Amino acid sequence: MMAPAPTSLLLAEDLAVGYFLRRKNARVVAGPLHLALHPGELVCLLGPNGAGKSTLLRTLAGLQPPLAGRLEVGGVPLAALSAAERARQLSVVLTDRLDAATLTVQELVRLGRHPHTGWLGSLTAYDHAQVAAALAATGTTAFAARLVGELSDGERQKVMLARALAQDTPVVLLDEPTAHLDLPNRVALMRLLHRLARTTGKAILLSTHELDLALQAADRVWLLPATGALRTGTPEDLVLSGTFAAAFEREGLAFDSASGTFALHTPSGPAVQVVGEGAAAFWTRRALEREGFVPIAHPAPLRVTVPAGAQAPRWLVQLGDRPAQSHETIEALLRALPQLPKFEKPSVNATA
Ligand SMILES: Nc1ncnc2c1ncn2[C@@H]1O[C@H](COP(=O)(O)OP(=O)(O)OP(=O)(O)O)[C@@H](O)[C@H]1O
């Protein structure tokens, strides 16, 4: 029996987003869009520069009006909610710099509680606990007393997330939250948001250009092309159906569905059979591709064997039936390959 469709925390039907230019003139950036955010899911909004990700997020947050269509949050039309009601339903972190430089981090994060307390309302013990939890979750407790204007871009980004978490809304919308973060912090943020969605039942939507992180962390992807229709699905379905590769091919990028990565190199040199498995074989293939070789799985005149097991990796290179050479490192292997006698380039296009 099929599970019943989950209720939507946010629902959009025939939504067109964009800008009213002059009287009666509108510029549709994207649409018509049919979208739903469900409890407990992390959704990543992907698309090239200018596709309309920020425009869509701002529209979903009620910060700019839709050009057309229906938009509901918690079963109620977004436009029918007061600002305070809306702030209890959804929190939003945009890329714009906030004019909050003279506040301390703690004061800024406390502002997140105001939809619950009213602007003059004082914070209860529960509110203080929510603020402390948001600071702890984002790793910002240590600089709670510092001025927002004195933070680095990455620190400020984490503080803005803390404010959204303190707001404790069913829907969280984030525009490029990983933009200023270093790699460990980007990974930590995606992990945090995924865990948060799972443990609290919030629906979290974030736009990002971090394709590989999004493919790993997202429960669903919204793929917004520069032109054409929005595609949605689990990252894996979008990869296996070729939708993901097709979307980025148009941007001139080759997506390898076997490794889930974008090819940086387009090797066209001699084919090399790489024999072996595991991490050593993977990194050997990567190094060979960088040097222009085409690593393949089936027999070729040139063969590199990466022995498995506990022994120190040692690379065996064999050309035809000549005796094998042994190398201790990939660097030594790469240095030795051009020294080999010329051999006929087999016409192999496949990468394995
Ligand atoms: N205030 C505005 N008035 C008119 N057009 C706008 C306005 N802001 C943005 N646009 C246009 O809307 C389109 C979508 O912009 P948007 O910022 O939503 O894209 P994006 O997908 O978030 O891009 P990026 O990845 O570069 O952040 C662009 O063509 C942009 O020039």
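Located above this text is the structure these notes cover.
To keep things clear, this report deals only with the structure shown in the data block. (Residues numbered from 1 in each chain as written. Predicted model: local features only at pLDDT ≥ 70, side-chain atom pairs only at ≥ 80, totals over all residues.)

It is worth spelling out the site of the ligand at this point. Around the ligand sit Tyr19, Arg27, Val29, Gly47, Asn49, Gly50, Ala51, Gly52, Lys53, Ser54 and Thr55, and those are all the residues in its vicinity. Listing elements by their share of the shell around the ligand, those giving two or more residues are β2 (26-37) and α1 (53-60). Among the elements that make up the shell around the ligand, the one with the highest residue count is α1 (three residues). When grouped by side-chain class, the residues that make up the shell around the ligand number three nonpolar, six polar and two charged. (Near = placed C-beta within 6 Å. Helix = DSSP H or I, 4+ residues; strand = E, 2+ residues; numbered from the N terminus. Nonpolar A, V, L, I, M, F, W, Y, C, P; charged D, E, K, R; others polar.)

The sheet built from four strands is open, its strands ordered β2-β1-β4-β5 with antiparallel pairing. Since the sheet does not close on itself, it has two edges, and those belong to β2 and β5 (76-77), each with one partner. Packing against the sheet, α1 makes contact with β1 (10-20) and β2, and its axis sits at approximately 120° to β1. (Pairing = 2+ DSSP bridges. Contact = placed C-beta atoms within 7 Å. Axes fitted to C-alpha atoms, helices over the stretch in contact; angles between N-to-C directions.)

Bringing helix α7 (residues 183-200) into the picture now. Here α7 contains 18 residues, and its C-alpha end-to-end distance of 25 Å stays within 8% of the 26 Å for a straight helix at 1.5 Å per residue. Every buried residue of α7 is accounted for by Leu189, Met190, Leu193 and Ala197. In an axial view of α7, the angular spread of the buried residues amounts to 95°, which keeps them on one side of the axis. The exposed residues of α7 that point more than 90 degrees off its buried face are Pro184 and Thr199. Against the buried residues of α7 lie β3 (42-46), β8 (203-207) and α8 (211-217). Immediately downstream of α7, the backbone of glycine 201 shows phi near 75°, a positive value. (Expected span 1.5 Å × (residues − 1). Buried ≥ 20, exposed ≤ 12 C-beta atoms within 10 Å, placed from the backbone. Arc of directions from axis to C-beta.)

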